[in-house]
Amino acid sequence: MKLILLGAPGAGKGTQAEKIVDKYGIPAISTGNILRAAVKDGTEMGLKAKQYMDAGQLVPDEVVIGIIKDRLKEDDCKNGFILDGFPRTIPQAQALEDANVDIDKVVDIEVSDEAITKRMSGRRVCAKCANSYHLEYKKPQTDGVCDACGGELIQRKDDAPETVQARLAEYHEMTEPLKDFYKGLGKLVIVEGQEEVADTTALVFAALED
Ligand code: ADP
Ligand code: ZN
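All values reported here derive from a predicted model rather than from experimental measurement.

Enquirer: How should I be thinking about the overall build of the protein in this particular structure?
Expert: Looking only at helices and strands, the protein has nine helices and eight strands in total. Taken against the 2.2 N^0.38 rule, which gives 17 Å for 210 residues, the C-alpha radius of gyration of the protein at 16 Å falls within 12% of a compact globule. A principal-axis box enclosing the C-alpha atoms of the protein has dimensions of 45 × 40 × 35 Å. Burial statistics for the protein: of 210 residues in total, 43% are counted as buried.

See the structure below:
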């Protein structure tokens, strides 16, 4: 199964991607996580990407397209994968088409800007392993400490309120047109994001089995 998860930043794509990984045994590929790892490692690509990410802007298409093309060549992608955070622009989606990557379904998770703004302000991520938590909705067992690895939980720079607004504006302008793109290909499924993660997961699974 080859899937794309679409949705605004903070719509919960990453969380749902993890559920799909557990159920279907296919890898989740997050361009956000790959870029953050590159920033942390201080690679050339990371240095280039960092300025865009911190400002809440998209990293240039050619950079992320290169990342995805390399990643999809790896062995674990043979039986399928979930793309989380890619594509985010029409040229990125077109690059997948041009590379003959045959996507089965595109699941769009719909959440209002208002709900997203509220969620993002409480989001915390592990500085070591990038696991994601929330002050209200997904608390770690110990405040400020990652359940998985014991790392410190921090707020991502791009989750700061003014950056969140910039990311939402960019989403509406650059990424939302992908809904029509994939609708035209007959691949789009829309899921209304629910307040409870598990309720959204049930809708996502139902959409995949359909
Ligand atoms: P979220 O889904 O919460 O917005 P991500 O972790 O997916 O965050 O992405 C974080 C940042 O990484 C984005 O704001 C953007 O700067 C960059 N990024 C991730 N994926 C892409 C992409 N496909 N195209 C361009 N930039 C990207
Ligand atoms: Zn951790």
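Alright, that's what it looks like, and here's the rest.
Enquirer: It is not clear to me how the coordination of the zinc ion (ligand 2) should be interpreted in this structure. Could you clarify?
Expert: As a benchmark, a tetrahedral metal site with four donors has ideal angles of 109.5 degrees, while an octahedral site with six donors has ideal angles of 90 or 180 degrees. Around the zinc ion (ligand 2), the protein supplies C126 (SG), C129 (SG), C146 (SG) and C149 (SG) as donor atoms, at distances of 2.3 Å. One way to put it: the four donor atoms around the zinc ion (ligand 2) meet at angles of 97 to 115 degrees, and that makes the site tetrahedral. Here the donor residues for the zinc ion (ligand 2) map to a single chain with the spacing C-x2-C-x16-C-x2-C. Of the two residues, C129 is situated in the loop between β5 (123-126) and β6 (132-134) and C149 in the loop between β6 and β7 (153-154); the sequence distance between them amounts to 20 residues.

Enquirer: Got a minute to help me understand the site of ligand 1 in this structure?
Expert: In the region of ligand 1, 20 residues are neighbours, and T31, Q57, G85, R88 and R167 sit closest. Within the side chain of R36, one N or O atom sits 2.9 Å away from an oxygen atom of ligand 1. Take Q57: an N or O atom from its main chain is 2.6 Å from an oxygen atom of ligand 1. Notes on ligand 1: free accessible area 550 Å², of which the protein chains cover 95%. Tallying contributions element by element places helix α2 (residues 31-41) first for the shell around ligand 1, with four residues.

Enquirer: Looking at this structure, how should I read the sheet that holds β7?
Expert: Strand pairing in a sheet takes place through backbone hydrogen bonds and is either antiparallel or parallel in direction. Strand order in the open sheet formed by three strands is β6-β5-β7, and the pairing between neighbours is antiparallel. Edge positions in the sheet fall to β6 and β7, since each of these pairs with one other strand and no more. As judged from the two bridges shared by β5 and β7, these two strands associate in the antiparallel manner. Note on β7: the bridge partner recorded for V125 is I154.

Enquirer: Whenever I open this one, the sheet that holds strand β8 (residues 188-192) confuses me. Can you help?
Expert: Read across the open sheet, the five strands follow the order β2-β3-β1-β4-β8; overall the sheet is parallel. Only two strands of the sheet have a single partner each, and these edge strands are β2 (28-30) and β8. Mean inter-strand twist for the sheet, computed between neighbouring axes without regard to direction, equals 25 degrees. Inspection of the sheet shows strand β4 (residues 105-110) paired to β8 by five bridges, in the parallel sense. Bridge pairing links D108 to I190 in β8. Strand contacts of helix α9 (residues 197-209): β1 (2-7), β4 and β8, with the helix running at about 160 degrees to β8, the strand carrying the most contacts.

Calculation notes
- Residues numbered from 1 in each chain as written.
- Chains lettered and ligands numbered in written order.
- Predicted model: local features only at pLDDT ≥ 70, side-chain atom pairs only at ≥ 80, totals over all residues.
- Heavy atoms only, no water.
- Helix = DSSP H or I, 4+ residues; strand = E, 2+ residues; numbered from the N terminus.
- Rg over C-alpha atoms; globule rule 2.2 N^0.38 Å.
- Buried < 20%, exposed > 50% of the residue type's maximum accessible area, 1.4 Å probe, protein only.
- Donors = N, O, S within 2.8 Å, 3.2 Å for Na, K, Ca; no water.
- Tetrahedral: all angles 85-135°; square planar, octahedral: opposite > 155°, others 65-115°.
- Near = heavy atom within 4 Å.
- Polar contact = N/O pair within 3.5 Å; in protein donor to acceptor, adjacent residues only side chain to side chain.
- Areas by Shrake-Rupley, 256 points an atom, 1.4 Å probe, with all protein chains shown as cover.
- Pairing = 2+ DSSP bridges.
- Axes fitted to C-alpha atoms, helices over the stretch in contact; angles between N-to-C directions.
- Contact = heavy atoms within 4.5 Å.

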